[in-house]
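Residues per chain are reported as follows:
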Amino acid sequence: MPRPSAAVYRRRRLVVVIGLILLVAAIGIGIWLLLAKPWAAADASPKPASSSSETPTTTTTPTTDAESPSPSPSSEQTPAIVACEAKDVEVSAVTDAETYAAGVLPKLSISLTNKGTKDCTLDVGSTTQVFTISSGADVWWRSTDCQENPSSMIATLTAGTTVTSKDPVTWDRTRSSVETCDQENRQRAPGGGASYHVEVSIGGFTSLTTTQILLY
């Protein structure tokens with residue numbers, strides 16, 4: 001059998017070398033594909049990059065003042081104190097004694113009782129006070145005839161309580177008259193055990209009874 005020529009051997013070696021090169025290249029490409037996985041980057045959806053120009057969404061918490069409604073009137077609130085009515089007020093004249101010796105001047109005060117179930121207001125100033133002293137049908141003296149600088153004073157009378165005026169009014173034991181206020185020789189009230197009756201009114205309410213005093 002004839003031996004192949006040298007040219008044939010060269011061609012065969014060249015084919016083997018090229019085959020080995022192709023085999024090595026194929027193995028290298030396969031290994032690179034397994035390790036690099038280039039499809040992962042192609043298939044994966046890219047994440048949006050954060051931008052400094054984006055404004056974050058903020059939630060504003062309402063303040064307490066904004067949430068609180070304006071207070072509305074309540075039936076539980078304390079009602080306003082109203083003016084006293086005649087049916088609830090008892091007025092009485094108070095004297096510092098029942099009998100007075102010669103030369104002793106009677107001092108007169110006022111007692112007020114709120115017989116009602118609610119507090120009420122009343123003008124207890126000297127403007128609304130009138131003491132009247134009579135002997136029978138004869139009116140001897142009125143505190144307003146020669147009154148100076150009368151004033152008003154609104155007071156609250158507590159339900160179920162009695163109060164008495166602090167500053168008494170003094171009767172000088174003479175007959176009063178607006179025409180004789182400046183006279184020093186006004187007619188003097190008789191003594192010797194003479195009986196006089198004191199009536200008082202205040203704030204438009206008059207005592208239902210009078211208080212008796214005796215002058216000596």
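Residues numbered from 1 in each chain as written. Predicted model: local features only at pLDDT ≥ 70, side-chain atom pairs only at ≥ 80, totals over all residues. Heavy atoms only, no water.

Enquirer: How would you explain the packing of aromatic side chains if you had to name every residue and give the values?
Expert: Considering all chains together, one arrives at three aromatic pairs under this definition. Ring plane angle 85 degrees and centroid distance 6.4 Å describe the contact between W140 and Y196, whose orientation is recorded as edge-to-face. On the criterion of sequence distance, the pair formed by W140 in strand β7 (residues 138-142) and Y196 in strand β11 (residues 194-202) is long-range, its members being 56 residues apart. In terms of burial, W140 and Y196 fall into one category: buried. Summarising the aromatic geometry, the rings of W141 and W171 are spaced 6.5 Å apart at their centres and angled 40 degrees between planes, so their arrangement reads as tilted. In this pair, W141 is assigned in strand β7 and W171 in the loop between β10 (169-170) and β11, connecting sequence segments 30 residues apart. Residue W141 shares its accessibility class with W171, and that shared class is buried. (Phe/Tyr/Trp six-rings, centres within 6.5 Å; stacked < 30°, edge-to-face > 60°. Helix = DSSP H or I, 4+ residues; strand = E, 2+ residues; numbered from the N terminus. Buried < 20%, exposed > 50% of the residue type's maximum accessible area, 1.4 Å probe, protein only.)

Enquirer: Any chance you could break down the pairing of β11 for me, citing the residues and the numbers?
Expert: Sheet faces and side chains relate simply in a regular strand, where the side chains alternate between the two faces. Pairing between strand β6 (residues 130-135) and β11: five bridges, direction antiparallel. Residue F131 lies in a different strand from β11, and its bridge partner there is V200. By the bridge criterion, five bridges tie β11 to strand β13 (residues 211-215) in an arrangement that is antiparallel. Note on β13: the bridge partner recorded for H197 is Q212. The sheet contact formed by β11 and strand β12 (residues 205-206) spans two bridges and is antiparallel. (Pairing = 2+ DSSP bridges.)

Enquirer: Describe the environment of S201, and please don't skip the residues or the numbers.
Expert: Tracing the backbone shows S201 in strand β11. Its relative accessible area of 15% is what places S201 among the buried residues. Taking C-alpha positions, S201 is 6.7 Å from F131, a pair spaced 70 residues apart along the chain. Setting aside residues up to four positions removed in sequence, S201 forms contacts with T128, Q129, V130 and T206. (Contact = heavy atoms within 4.5 Å.)

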